[in-house]
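Commentary on secondary and tertiary structure
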Amino acid sequence: MTYQDPLERVVKEVVLPAAESVDRSATFPREAVNALAGAGLLALTVPSGYGGGGAGLPAATDVVQQLSTACGSTAMVVMMHYSAVAALVAADREDVLREIATGRHLSTLAFSETGSRSHFWAPLGTATGDGTEIRLNSRKSWVTSASHADSYIWSSRPLAAPGPMTLWLVRTGTPGLSIGPEFDGLGLRGNDSRPVTGTDVEVPRTALLGVDGAGLDLALSAVLPWFLLLNAAASIGLMRAVTGETAEHLTRTRLRHLDRSLAQLPDSRAQLARMRIETDRTAALLDRTLAALQKGHDDAQLLVLEVKAAADGSAAEVADLAMTACGGAAFRRELGIERRFRDSRAARVMAPTTPALLDFVGRALCGLPLLDGADG
Ligand SMILES: Cc1cc2nc3c(=O)[nH]c(=O)nc-3n(C[C@H](O)[C@H](O)[C@H](O)COP(=O)(O)OP(=O)(O)OC[C@H]3O[C@@H](n4cnc5c(N)ncnc54)[C@H](O)[C@@H]3O)c2cc1C
């Protein structure tokens, strides 16, 4: 499947024109998601044997990066969907994957909880029952696409087995699910990330993804690489966009009394250069990580942990430089740069947060396990 042409068309005709109003009104980008579904892009990473595009991380990171150049909220929705698909592929859920392949199913991750907060590896929500019906009780603190998704990849403590976590497929609309108030965040304002509470949510035992008690292994081995690389790709898309927008503003804006453009100020050019260097540096790290994963290099897992932490910091720095280079003009909405600035703040607080990833990288370098008993 070639995804580039349909992607370019949807970005140009639907995602980009809606981006400003999605942000301003904090509205879920429904039209964009429908257009992406219609173009086969929600099915891109579903195995071809199940009717999907059969694409892997290189194509998915490219899609998220391009969406992010236009609209951070849309990129975020697709990023969480692809991460959820990775869990379904690892658990070989042909039934749902075939639905996703038709483009009629949007999924997302429901990991973070009000109790263990960003420590998604330690859910406090429970799964109980000993027959065919299981009851889930949890207070999820943030679920992207909460009121628009068709399913959640839902974490809980194990049903009966030892271990920190079990994963479930929970269909939205299941009685007992209650979706919290509309998202009113600093950035990514259209991503519909709301709390979701599950009270005695009855799911069949077949909702179990993988093996009871082995949900953390599934999350770390199958979902985390997708989430981290896609997150980095979203940051790179944001950096590319804001660097281009800054160059445009500097070039066309004039200091009339001096008969010069802002681009003729050496400090402004240096800020722009730093933005571009930071963007290219992060993109090179993402490319290196993708290549290491593909070739099975020894440092692949370490790079996977590094890349989101690197991209989070770079995106915040680049957006900050854009605000400085463009001055008061960037402080107003019409340039779109303050939207990039606000959006750039999200990646650092998305779990694993930047401090958690720095700890993971340090642990890996010291030969320590990523998590120890105290963390769980
Ligand atoms: C736009 C957006 C969309 C999201 N979508 C989803 C989603 O779809 N699904 C989902 O499951 N979650 C989602 N989240 C939640 C996200 O993954 C985090 O769980 C959440 O942002 C954590 O916020 P908190 O206030 O609970 O952080 P806290 O856990 O309270 O952390 C507060 C601060 O303490 C730091 N900290 C915490 N523990 C440590 C430690 N051990 N060492 C050092 N520093 C530490 C953190 O890095 C952070 O800076 C989303 C978040 C955002 C912003």
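Residues numbered from 1 in each chain as written. Predicted model: local features only at pLDDT ≥ 70, side-chain atom pairs only at ≥ 80, totals over all residues. Heavy atoms only, no water.

1. As for the sheet that holds strand 8 (residues 208–209)
- With mixed pairing, 4 strands are arranged side by side in an open sheet as 1-4-5-8. The two strands at the open ends of the sheet, each matched to only one other strand, are strand 1 (107–110) and strand 8.
- In terms of strand pairing, strand 5 (residues 166–171) meets strand 8 through 2 bridges, oriented antiparallel. Each bridged residue has a counterpart across the sheet, and for Trp168 the counterpart in strand 8 is Leu208. (Pairing = 2+ DSSP bridges. Helix = DSSP H or I, 4+ residues; strand = E, 2+ residues; numbered from the N terminus.)

2. Some words on helix 7 (residues 266–295)
- Taking 1.5 Å per residue, 30 residues should reach 44 Å; helix 7 reaches 43 Å between its end C-alpha atoms and fits that length.
- Looking at the residues trailing helix 7, positive phi occurs at Gly296, about 65°. (Expected span 1.5 Å × (residues − 1).)

3. Here's the deal with the packing of helix 4 (residues 72–90) against helix 5 (residues 94–101)
- Taken N-terminus to C-terminus, the directions of helix 4 and helix 5 make an angle of 145°; their axes are 9 Å apart at the nearest point. Crossing handedness for the pair helix 4 and helix 5: left-handed. Packed against helix 4, whose contacting residues are His81, Val85, Leu88 and Val89, the element helix 5 presents Val96, Leu97 and Ile100 at the interface.
- For the contact of helix 4 with helix 5, a count of residues per class yields 6 nonpolar, 1 polar and no charged. (Axes fitted to C-alpha atoms, helices over the stretch in contact; angles between N-to-C directions. Left-handed = near helix turned anticlockwise from the far one by under 90°. Contact = heavy atoms within 4.5 Å. Nonpolar A, V, L, I, M, F, W, Y, C, P; charged D, E, K, R; others polar.)

4. Some remarks on the site of the ligand
- Of all residues adjacent to the ligand, which total 20 residues, the nearest are Ser112, Arg117, Ser118, Val349 and Thr353.
- Between the ligand and the protein, one listed contact pairs an oxygen atom with a backbone N or O atom of Val349 at 2.7 Å.
- In the complex, the protein chains occlude 71% of the 990 Å² of accessible area that the ligand would expose alone.
- Counting residues per element, the ones that place at least two in the shell around the ligand are helix 4, strand 1 and strand 3 (133–143).
- Of the residues forming the shell around the ligand, the biggest block, 3 residues, is contributed by strand 1.
- Class assignment of the residues belonging to the shell around the ligand gives a composition of 11 nonpolar, 8 polar and 1 charged.
- Inspection of the shell around the ligand shows a minimum of three residues originating in each of domain 2 (109–213) and domain 3 (216–365). (Near = heavy atom within 4 Å. Polar contact = N/O pair within 3.5 Å; in protein donor to acceptor, adjacent residues only side chain to side chain. Areas by Shrake-Rupley, 256 points an atom, 1.4 Å probe, with all protein chains shown as cover. Domains from an automatic or database assignment.)

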